[in-house]
Amino acid sequence: MTIHELRISGEGESPEGRAVREEAARSLGIDTIEQVETAKVIRFEGLTDEEAAALAEALSDAVTEHVSIGDRRDETDGRIVEVAMNPGAMNPEVASILKAARDLGMRPVAADSSTEYRFGGPVAAGEIETVVSRHLVNETVQRANPPRPDTLVIEGETGPVRSVPVREKSPEELERLSGDMKLQLDRNEMVIIRDYFAREGREPTDCELEIIAGRESEHCGHKTFKAKLIVEDAETGERREAAPLMDRIRRTSERYYGDRVVSAFVDNAGVYALDGEWAVLGKVETHNSPSAIEPYGGAATGSGGVFRDIIGTGQGAEVISSTNMNCFQPVDTPPEDVPDGVKPPAYIARGVHRGVRDYGNRMGVPTNNISELYHPDFVKPSVIVGAYGLIPIERAEKGEPRAGDRIVAVGGRTGRDGLHGATMSSADMTEQTATVDSQAVQIGNPIEEKRFADAILEARDEGLVRAITDCGAAGFSSAVGEMAEDTGARVHLERAPLKYEGLSPWEIFLSESQERMVLAVAPEHLERFQEICAKYRTEATDLGEFDGSGRLHVTHGETMVADLDYDFLNHGFGQRTLTARIERSAVAERRPDAPESESEWGQTLLQVLGHPNVCSKEPIARQYDQGVQGRTIVATHGGRSQEGPNDAAVMRPFPDRPYGIVQAHGMNPILNRLDPYEGAKWAVAEAMANYVAAGGDPDDCALIDNFVSPTPDPESLGSLHRQVEGLTDALDALGRPAISGKDSLSSTYRGTLRGEETVIKIPPVLCMSVFGKIPEIGSAMSADLKMTDSELYLIGERSGGLGGSAYYDVRHGQSGAVPKIDLDQLPETLRSVHQAIRGGWVISCHDVSKGGLAAAVSEMAFGGDCGVELELDADRGTLAEELFDETAGRFVVELPGWAVPDDVLDGVGPWRRIGRSRPERTVAVHDRRGRVFSAATNDLKAAWQEPLEAF
């Protein structure tokens, strides 16, 4: 058939082209590009000339764009580069383009789209190649200057179902087979599989091995968190048994569920009651491995996946908010300090931001709570995405399929994207990861997800959804397999809608193609359910039935693909026993001299504010639509110039109800490396302090834990053990539960750096999220100073040391003495600050966190566009500790000058006056001897904003 080629372009340099030019100059030092013009290239197969002309008119803007049909790039002109998706990779644009054609009554058989870049100026061919390879093309999913296609249709025949011999293999041979098939199963697990099929009297199919590997992957099976532990103290030699990590978190939390917890640790998200009618849902996920390979697609599908966790809870829920917390190598890391096979950290960071931005913005979900931390050892990034939602309590209980219910797949079609995603995410990262595991990367389509999200809500309200879950890791295998655990299922894979032909049955069943849900629908409701899906233009396909057999039976036509016993799938592998070795960090103490002169003090504050873990994240936050849905009351930034940072997001879920929802988080991987126990307590304290500073009630909330760790050798497992001890002790002290969580335990890099073999472990991450109620939305609090000549008070005391602080980093100090959270004092401080805020006298509140007190009051001044005068009861020997200690769980509150602090802060302890706001735009600090230094807020804010302005 004829292929029509459309080119749509504007006049001169496009915004996308300008971004390419600026990025080339900024990160590659290529400043010879004068302009970059871009054009969208769209190809259709199966249209008449008249239809192609009509479609070109529909897809272009006649006022601002030029469109041509049939023009082709000059393939001899090296200044013109076309960037296209690889064949079979998901291209979300194509679905929208085909929909536009079909809405016009056309029936193209296939379509494709790409982007053409034309470089202008005295730029050399080699420089263009560098820009293309470093910033325009990720070879995992894209290619440059593809050959002219003879057809756009991807054709192929269904691959065979292979029998894989295992029954006669030795343990060593089984281990090699696991590696060859990318199963990521160890020798003992492969022996268990061999023995099972020996009892079955047959060899396994390729699909059966893939199903088992997906279920038993670290990503899906949480084998480490469920394992029995033998804890060994490296210092004393003492050995003792410990309960599994997951059991400890759950058992501690269960003591504090109370009446509010509707669902915890049993569904895709935790559910927490707001009132007698509605509940809020929370889930936080990680998407580290795919984001390391292809950051845009990895982060986008991370957001899409966690949204589906909300949609797939109970009988279906509405997504109302998105969060994003990341850890990267510093974006200015020199190329020689980036290990082989690892993408540049600036490329990863920008790709992650774009992925989160495009998915949330296009689906209409506000991303309104973010943070970003940097450390040279985050060779593999930690990309943490979260979502919150609303559900009627009567629809919030996890559904269970019944025998005879139909297995219905809803949403996108199935392709090869995401194969081995579950097993790849459970493995170390190496320099070959990006090429060997390229199929493990998915590309998302938020428009498709929005369509089925709306359809599911309507079906839920009509009572048509018996049970629901999303197709995440391991695809249909995981979704259908888990839903059918108590009933059994019969799946007909030939019915599954495909993106293209040629997939083998195991690929169909294990594919992680995005935007797919699986539902249990009673037979009598199937027709009505499909009518609703058709209304929203999303496919709903009957794949089979939950059959009551107790087995997972999968066929493709007449061919048996898998026939597995659920007793084996659920219990066949037993529980592992692992050794956790506690090794205390031996950090040589290097206490830096305190600044001496006024200029040195001012320069130190500039450096602390410019530290990447303290600096403004506004350039990132501004990429995200925080106002969509009209529910966000307190966003990431506010104040007079909308530049001051806030501690948490506050949302009003319903316009006719007085309460709001607060969502916050806390994490500090550097402390976890130095002292895992204290670092975990710190993460909980920061999350709760951020929550309370925005107006949240500390006795009306729930938490979510996310662990991101190096691959669990005994040392890393010892760190996890201590982190869980810190977490559970903090939960006990607060009397609050964790109701959802996730672990990602594969963040070790093994490869080469500067020609030498190296192993790099990330600083272990514990990201604690907290969400709950603010009783009255009118008491929502922001961090910007509200008036001048108001009084500032510090609530809480510092404890511990400056180890891991930004101050020690910029002053080249080091210490293993980290801040220590007083768990006896923390709950009372949180409650009393909340009561002070509800009393109405507190007009701004900000928690003390990274950068310490000096950073906190500076940020408050930035938001208020005013100055601050601090009067500290300290001498020069302790002033640095007073200003830059990062003990979490402390607050700076602003009271109007006429307020009586003894009345307002009665019962709040310990507290003390530290200064006042001033109209002069300076941050001035006095100690017992007088003025120490004064710095202009404009200079401080410039240093605070500069590091990430490029984003």
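Our structure's up above, just so we're on the same page.
These numbers were taken from a predicted model, which means no experiment stands behind them.

Chemist: Break down the pattern of salt bridges for me, citing the residues and quoting the values.
Modeler: According to the stated counting rule, one finds 80 salt bridges in the structure shown. Salt-bridge contacts for Arg 21 lead to Glu 13; the nearest nitrogen and oxygen are separated by 2.8 Å. By relative accessible area, which is 22% here, Arg 21 ends up partly exposed. The exposure class of Glu 13 is partly exposed, given its relative accessible area of 22%. A salt bridge links Arg 831 to Glu 828; the shortest N-O distance between them is 3.1 Å. A residue pair is termed a helical-turn pair when its members lie 3 or 4 positions apart in one helix, as Arg 831 and Glu 828 do in helix α27 (residues 826–838) at 3 residues. Linked through salt bridges whose partners overlap, the residues forming this network are Glu 5, Arg 7, Arg 43, Glu 82, Glu 116 and Arg 148.

Chemist: Explain the nonpolar core to me, and be specific about the residues and the numbers.
Modeler: Of all hydrophobic cores here, the largest spans 68 residues; its most connected members are Phe 225, Cys 845 and Phe 891. With 11 residues, the top contributor of residues to this core is helix α24 (residues 676–693). Counting residues in hydrophobic clusters, the runner-up holds 51 residues, among them Leu 209, Ile 211, Cys 471 and Trp 506.

Chemist: Which residues make up the packing of aromatic side chains, and what values do they have?
Modeler: When we look at a pair of aromatic rings, we describe it by the centre distance and by the angle of the planes. Counted under the stated rule, the structure contains 14 aromatic pairs. Residues Tyr 196 and Phe 568 carry aromatic rings whose centres are separated by 3.9 Å and whose planes lie at 10° to one another, so their mutual orientation is stacked. Of this pair, Tyr 196 sits in helix α6 (residues 187–200) while Phe 568 sits in helix α20 (residues 566–571), and the two are 372 residues apart along the sequence. Assigned by exposure class, Tyr 196 and Phe 568 land together as buried. Ring centres of Trp 278 and Phe 654 lie 5.0 Å apart, and the angle between their planes is 50°; on these two criteria the pair is classed as tilted. Pair noted here: Trp 278 is in strand β11 (residues 278–286) and Phe 654 is in the loop between β27 (649–651) and β28 (660–666), with a separation of 376 residues, a long-range link. As far as burial versus exposure is concerned, Trp 278 and Phe 654 are alike and both buried.

Chemist: Just give me the short version of empty space enclosed by the protein, but keep the residues and values in it.
Modeler: What the rule picks out here adds up to 5 cavities of 30 Å³ or more. Estimated volume of the largest cavity: approximately 570 Å³. Lining the largest cavity are 33 residues, and of these Ile 370, Ser 371, Pro 645, Asn 646 and Glu 686 sit closest to its centre. Breaking the lining of the largest cavity down by element, the ones donating at least two residues are β13 (367–374), β28, α24, β35 (844–848) and α28 (852–864). Among the elements that make up the lining of the largest cavity, the one with the highest residue count is β13 (6 residues). Among the residues making up the lining of the largest cavity, the classes are represented as 12 nonpolar, 14 polar and 7 charged.

Chemist: Explain the sheet that holds strand β7 (residues 228–233) residue by residue, including any values.
Modeler: If you walk across this open sheet you meet the 3 strands as β8-β7-β23, and the pairing is mixed. Taken across any chain shown, the strands that pair with only one partner, and hence form the sheet edges, are β8 (239–242) and β23 (577–582). Here the strands of the sheet are splayed against their neighbours by 25° on average, with no regard to which way each runs. Packed on one face of the sheet, helix α25 (residues 714–734) meets β7, β8 and β23 and runs near 80° to β23.

Chemist: So what about the side chain of Glu 203? Which residues, and what values?
Modeler: As for its placement among the helices and strands, Glu 203 is situated in the loop between α6 and α7 (206–215). A distance of 2.7 Å separates a polar atom in the side chain of Glu 203 from the backbone nitrogen of Val 166. Within the structure, Glu 203 has its side chain in polar contact with the backbone nitrogen of Arg 167 (distance 3.2 Å). Beyond its immediate chain neighbours, meaning those up to four positions away, Glu 203 contacts Ser 163, Val 164, Pro 165, Val 166, Arg 167, Phe 197 and Glu 208.

Chemist: How would you explain a nonpolar patch on the surface if you had to name every residue and give the values?
Modeler: Taken together, Met 1, Val 109 and Val 153 make up a surface patch of nonpolar side chains, about 280 Å² in accessible area. Position of Val 153 relative to the elements: it lies in the loop between β6 (142–144) and α5 (171–180).

Chemist: Residues and numbers for the sheet that holds strand β22 (residues 559–565), please.
Modeler: The 7 strands lie next to each other as β17-β19-β15-β20-β18-β21-β22, forming an open sheet whose pairing is mixed. Edge positions in the open sheet fall to β17 (467–470) and β22, since each of these has one partner strand only. On average, adjacent strands in this sheet sit at an angle of 20° to one another, irrespective of strand direction. Two strands pair when backbone bridges link them, and strand β21 (residues 551–556) and β22 are joined in this way by 6 bridges, in the antiparallel orientation. Looking at the pairing, Arg 551 lines up with Asp 565 of β22. Packed onto the sheet, α6 meets β21 and β22 and runs at close to 110° relative to β22.

Chemist: Give a detailed account of the packing of helix α12 (residues 295–311) against helix α16 (residues 446–461), specifying residues and quantitative values.
Modeler: Axis separation between α12 and α16 bottoms out at 11 Å; the angle between their running directions is 5°. Classified by the interaxial angle, the pair formed by α12 and α16 is roughly parallel. Between α12 and α16, the contacting residues are Gly 304, Phe 307, Arg 308 and Ile 311 on the first element and Glu 449, Phe 452, Ala 453 and Ile 456 on the second. By residue class, the composition of the contact of α12 with α16 is 5 nonpolar, 1 polar and 2 charged.

Chemist: Please set out helix α10 (residues 245–254) residue by residue, giving values where relevant.
Modeler: Those residues of α10 that sit buried are Leu 245, Met 246, Arg 248, Ile 249, Thr 252 and Ser 253. End-on, the buried residues of α10 take up no more than an arc of 165°, which puts them together on one face. Taken together, the buried residues of α10 touch α9 (223–226), β7, β8, β29 (701–708), α25 and β30 (738–744).

Basis of the calculations
- Residues numbered from 1 in each chain as written.
- Predicted model: local features only at pLDDT ≥ 70, side-chain atom pairs only at ≥ 80, totals over all residues.
- Heavy atoms only, no water.
- Salt bridge = Lys/Arg side-chain N within 4 Å of Asp/Glu carboxyl O.
- Buried < 20%, exposed > 50% of the residue type's maximum accessible area, 1.4 Å probe, protein only.
- Helix = DSSP H or I, 4+ residues; strand = E, 2+ residues; numbered from the N terminus.
- Core = buried A, V, L, I, M, F, W, Y, C linked by side-chain atoms within 4.5 Å.
- Phe/Tyr/Trp six-rings, centres within 6.5 Å; stacked < 30°, edge-to-face > 60°.
- 1 Å grid on protein atoms, 1.4 Å probe; cavity = no way out; pocket = protein on both sides within 12 Å on 5 of 7 lines; lining within 4 Å.
- Points joined across faces, edges and corners; volume = space filled by probe spheres on them.
- Nonpolar A, V, L, I, M, F, W, Y, C, P; charged D, E, K, R; others polar.
- Pairing = 2+ DSSP bridges.
- Axes fitted to C-alpha atoms, helices over the stretch in contact; angles between N-to-C directions.
- Contact = heavy atoms within 4.5 Å.
- Polar contact = N/O pair within 3.5 Å; in protein donor to acceptor, adjacent residues only side chain to side chain.
- Patch = residues over 30% accessible without salt bridge, like charges linked within 9 Å, V, L, I, M, F, W, Y side chains within 5 Å.
- Areas by Shrake-Rupley, 256 points an atom, 1.4 Å probe, with all protein chains shown as cover.
- Parallel < 35°, antiparallel > 145°, perpendicular 65-115°, else oblique.
- Arc of directions from axis to C-beta.

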